[in-house]
Amino acid sequence: MERIAVLADIHGVLPALEAVLAEPDVRSADVVVLAGDLAAGPQPVETLDLLVGLGSRAVWVRGNADRELVSMARGEQLDPPDQVSPWAAAQLRPDQVELLSTLPTSVTIGGALFCHATPRDDEEVVLVDSPVNRWASVLDGVPDEVRTVVCGHTHMPFARQVDRRLVVNAGSVGMPYGAPLPSWALLTGSDVQLRRTAIDLTAAADRVAAESSYPDAAAWADEYVRTNYSDTEALAAFTPRAKG
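Residues numbered from 1 in each chain as written. Predicted model: local features only at pLDDT ≥ 70, side-chain atom pairs only at ≥ 80, totals over all residues. Heavy atoms only, no water.

K.L.:
I keep staring at the pattern of salt bridges and nothing clicks. Help me out?
P.N.:
Close approach of charged atoms lets side chains of opposite charge pair. Under the definition given, this model contains 14 salt bridges. As a salt-bridge pair, R93 and D95 come within 2.9 Å of each other at their nearest N and O atoms. With relative accessibility at 32%, the residue R93 sits in the partly exposed group. For D95, a relative accessible area of 44% translates into the label partly exposed. For the salt bridge of D206 with R226, the shortest nitrogen-to-oxygen distance reads 3.0 Å. Linking D206 in helix α8 (residues 201-211) with R226 in helix α9 (residues 217-226), this pair joins segments that are 20 residues apart in sequence. (Salt bridge = Lys/Arg side-chain N within 4 Å of Asp/Glu carboxyl O. Buried < 20%, exposed > 50% of the residue type's maximum accessible area, 1.4 Å probe, protein only. Helix = DSSP H or I, 4+ residues; strand = E, 2+ residues; numbered from the N terminus.)

Here it is, written out as structure tokens:
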């Protein structure tokens, strides 16, 4: 039975990515789905190089932050979404910009569809407690044979049923919200496990600060790696955007 590890929202945090890739169930997975927002963070070049090293096991999906990096790297976007993204875009090599520009917005493997935010939009917000009619609108157009939809984007893992479909959010490897430690998902047939990888957050933040050339790397690592936003804080930001 095919085993699929899903890694979303890495956001250029190399120590977190290295820790997750070292997990036995990730190392032995048949497929590693990279569910978007991969490089927009303090270690973009190193993160993409490590992911490319996964070779044919990796299945790539583009997230909104990946799309924004490409636009900024090509001088097409004038309103950066945050402070680190323009810097990250400027670090990318031409081959990395080209890679991100060619990624699909969703992929289907067997009966599972993998996307970044929703199947129809790479930055649409939908939450675990969004009403069924909201979910029905979001999933409208998804083929009937797709019985599992796996996403990321909100950085908070969950699994719930939606009108006989299973919807899974893999959480975030690099910038988890709600609880500390990198989160990811493991799919084995119809079984889904939401996982967290144990890492030394202080050591990871110190590495980011020491190894990244981003001028505000230490402050960024303090905010997103050494600590994390609570579910209350994240939901306060996301809920107004989840009404559709």
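K.L.:
What exactly am I supposed to notice about helix α6 (residues 94-101) here?
P.N.:
Count 3.6 residues to each turn of an α-helix, and residues three or four apart come out pointing the same way. Restricting attention to buried positions, one finds in α6 the residues Q96, V97 and L100. Each buried residue of α6 sits inside an arc of 100° when the element is viewed along its axis, so together they form one side. Of the surrounding elements, those touching the buried residues of α6 are α3 (44-52) and α4 (64-73). (Arc of directions from axis to C-beta. Contact = heavy atoms within 4.5 Å.)

K.L.:
Explain the packing of aromatic side chains here, please?
P.N.:
Two aromatic rings, taken as a pair, are described by how far apart their centres are and by the angle between their planes. One pass over the structure, following the stated rule, counts six aromatic pairs. An angle of 50° between the planes, with centres 5.2 Å apart, marks the rings of W87 and Y214 as tilted. Taken together, the residues span a long stretch of sequence, with W87 in helix α5 (residues 84-91) and Y214 in the loop between α8 and α9 at a distance of 127 residues. On the numbers, 6.1 Å between centres and 85° between planes, the contact of Y177 with Y229 is edge-to-face. Remark: Y229 occurs in the loop between α9 and α10 (231-238) and Y177 occurs in the loop between β8 (165-169) and β9 (183-188); sequence separation between them is 52 residues. A network of ring pairs unites the aromatic residues Y177, W220, Y224, Y229 and F238 as a single cluster. (Phe/Tyr/Trp six-rings, centres within 6.5 Å; stacked < 30°, edge-to-face > 60°.)

K.L.:
Can you help me understand the packing of α8 against α9 in this one?
P.N.:
Where α8 meets α9, the closest approach of the two axes is 8 Å, and the angle between their N-to-C directions is 155°. One finds that α8 runs roughly antiparallel with respect to α9. With respect to the hand of their crossing, α8 and α9 are arranged in right-handed fashion. Here α8 contributes L201, T202, A204, A205, D206, V208 and A209 to the contact with α9, which in turn contributes A217, A218, A221, V225 and R226. Partitioned by chemical class, the residues of the contact of α8 with α9 number nine nonpolar, one polar and two charged. (Axes fitted to C-alpha atoms, helices over the stretch in contact; angles between N-to-C directions. Parallel < 35°, antiparallel > 145°, perpendicular 65-115°, else oblique. Left-handed = near helix turned anticlockwise from the far one by under 90°. Nonpolar A, V, L, I, M, F, W, Y, C, P; charged D, E, K, R; others polar.)

K.L.:
What is the right way to read the environment of D25 from this model?
P.N.:
Checked against the element boundaries, D25 lands in helix α2 (residues 24-27). In this structure the C-alpha to C-alpha distance between D25 and L127, which are 102 residues apart in sequence, comes to 27 Å. Ignoring anything within four residues of it in the chain, the contact list for D25 reads R3, W184, L186 and R195.

K.L.:
What's the story with the sheet that holds strand β2 (residues 31-35) in this structure? I'm lost.
P.N.:
To summarise the sheet geometry, strands pair through backbone hydrogen bonds and adopt either a parallel or an antiparallel arrangement. If you walk across this open sheet you meet the five strands as β3-β2-β1-β9-β10, and the pairing is mixed. In the strand order of this sheet, the two ends are held by β3 (58-61) and β10 (191-196), each with one partner. The sheet shows a mean angle of 20° between the axes of neighbouring strands, direction not considered. Alignment of β2 against β3, held across four bridges, turns out to be parallel. In the sheet register, V32 faces β3, and the bridge partner there is A58. (Pairing = 2+ DSSP bridges.)

K.L.:
Sorry, what's going on with the pairing of strand β5 (residues 112-115) here?
P.N.:
Each regular strand shows side chains that alternate between the opposite faces of the sheet. Of the two faces of β5, the one carrying A112 and F114 and the one carrying L113 and C115 are both buried. Note: strand β4 (residues 106-109) against β5, four bridges, orientation antiparallel. Considered in β5, the bridge of I109 is made with A112. Hairpin connection of β4 to β5: two residues between the antiparallel strands, including G110 at a positive phi of 60°. Bridging between β5 and strand β6 (residues 148-151) involves three bridges; their strand directions are parallel. Paired with L113 across the strands is V149, a residue of β6. Assessed by its sense of winding, the connection that carries the chain from β5 through helix α7 (residues 132-138) to β6 is right-handed. (Right-handed = clockwise from strand over helix to strand, strands pointing away.)

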